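Topology and contacts: notes
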Amino acid sequence: GKNLARMEMRIFLEELMRRLPHMELAPDQAFHYLPNMSFRGPEHLLVRWDPDRNPERRDRALREGRMQFPIGAPATRLLARTVRVASVIPEADGVVGLVLADPTGRPLPAWTPGAHLDLVVGSFSRKYSLCGSPDDLSSYRIAVLREADGRGGSRHIHEVTAAGLEVHIRGPRNHFRLDESAADYVLVAGGIGITPIVAMADRLKALGKRYRLHYCGRAPETMAFLDRLRRDHAGHLRVHAGSEGGRLDLAETLREASPDALVYACGPARLLDGLSGLLAGTPERLRVEHFSSTATGHDPSLDAPFEAELAD
C-alpha cells in the first residue's frame, strides 16, 4: 500500500498547488498536535485563498483538464537543487573552478571528503568531486577540466557558465569515503583527479595524521590547485610534472609508506591499474575513484556462484 499512498499523495499535492498556488496559512491560529507517539501533526490546519485568483479562471486549458503532469514517485533525475554560480575561477590551463551557492543564502547540505555531486547545466549532467572545505556550507566548489575529446558536457560548461547563472545539482553523495582510522596515508592524484584528493589532504592535516600527497600532471601550468597545495601541504606534497621529468615511481612510493598505510588514488586508468597490481596482495589498502565508469555489458560466461556470510 505504501507506493499507492505515495502516488495518491503526490497527485493530491500537485493538483492542489496547481489549482491554488496562492494558498497561504491563515494567520493567528493555534496548533494542537495529535497526542500519540506514531504521528507528529496538527489536528487542524487552516488555510485561505482568494477564488478570484484561481488559475482556472484565467486559463481555459486548466478548466478543460488539458494540463498534464507525471503520476507516481518522482524520478531521481528530477530531484535537483537550484544553485547559483557565485564565481568562476581559472584554476589551470583548461581547468575552471566553479563556486556554487544557494540563491537564497541558505546553507547547503553537509558533505565529507571524497564526495561528489551531479552538475546539471542545460541538457548536460556530469559528476564532479567537491574540492572546497566541508566546514564552509555557504558554497560548494568544484573544478571542471575541458575535455576536447569528450561528449561535450565539459566544453558546454566552460563556454556558458558565468557568475549569476542558475544551474542544478544532485547530491552530494560519497562513494569514495575517507577512512579516518588509519595512522598512515598515501594520496595519489593524476591530473584532474586532484579534486577529491585535495579535500582528503586538508582533512588529514586537520586530524594530525601522517600522509604524503603525490600529484602527477603534464606540466605545472595544467595542474589545478598547485599553488594552494604547495602553501597548505608543504612537507607532505610531492609534485611529478612530466614537462620537468618528474615521473612517479609507484613501487618506490609504496615502499616508503608503512605496510598498513591506506592508499587513496584518483586519476587515469593506467595509474590506478599500476597501484592495483602493486597492492594485489593487500587490496583492502587501496581505495580508488575512476574518471569514468569502468562497467561493461553483462557477460553470462563470467557468471559464477558464490557464498556470502553476513555476520552480526
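Just above sits the structure.
Rules used in this analysis
Residues numbered from 1 in each chain as written. Predicted model: local features only at pLDDT ≥ 70, side-chain atom pairs only at ≥ 80, totals over all residues. Heavy atoms only, no water. Pairing = 2+ DSSP bridges. Helix = DSSP H or I, 4+ residues; strand = E, 2+ residues; numbered from the N terminus. Salt bridge = Lys/Arg side-chain N within 4 Å of Asp/Glu carboxyl O. Buried < 20%, exposed > 50% of the residue type's maximum accessible area, 1.4 Å probe, protein only. Disulfide = S-S within 2.5 Å.

Attention shifts here to the pairing of strand β6 (residues 124-129). Note that strand β5 (residues 116-121) and β6 share 6 bridges and pair antiparallel. Of the residues in β6, the one forming a bridge with Asp118 is Lys127. The hairpin turn running from β5 into β6, its antiparallel successor, is 2 residues long, and Gly122 in that turn takes a positive phi close to 65°.

Side chains bearing opposite charge may pair, as long as their charged atoms lie close to each other. All chains considered together, the criterion is met by 17 salt bridges. Across the pair Asp118 and Arg173 runs a salt bridge whose closest N-O atoms are separated by 2.9 Å. Of this pair, Asp118 sits in strand β5 while Arg173 sits in strand β8 (residues 166-173), placing them 55 residues apart in sequence. In this structure Asp118 comes out as buried when scored by relative accessible area, which is 6%. A salt bridge links Asp184 to Arg210; its shortest N-O distance comes to 3.7 Å. Residue Asp184 is found in strand β9 (residues 184-190), and its partner Arg210 is found in strand β10 (residues 210-217); the two are separated by 26 residues along the sequence. Residue class for Arg210 comes out partly exposed when judged on its relative accessible area of 46%.

Applying the stated criterion across every chain, the model contains 0 disulfides. Here Cys266 is not disulfide-linked; the sulfur of Cys131 is the nearest cysteine sulfur, at 11 Å.

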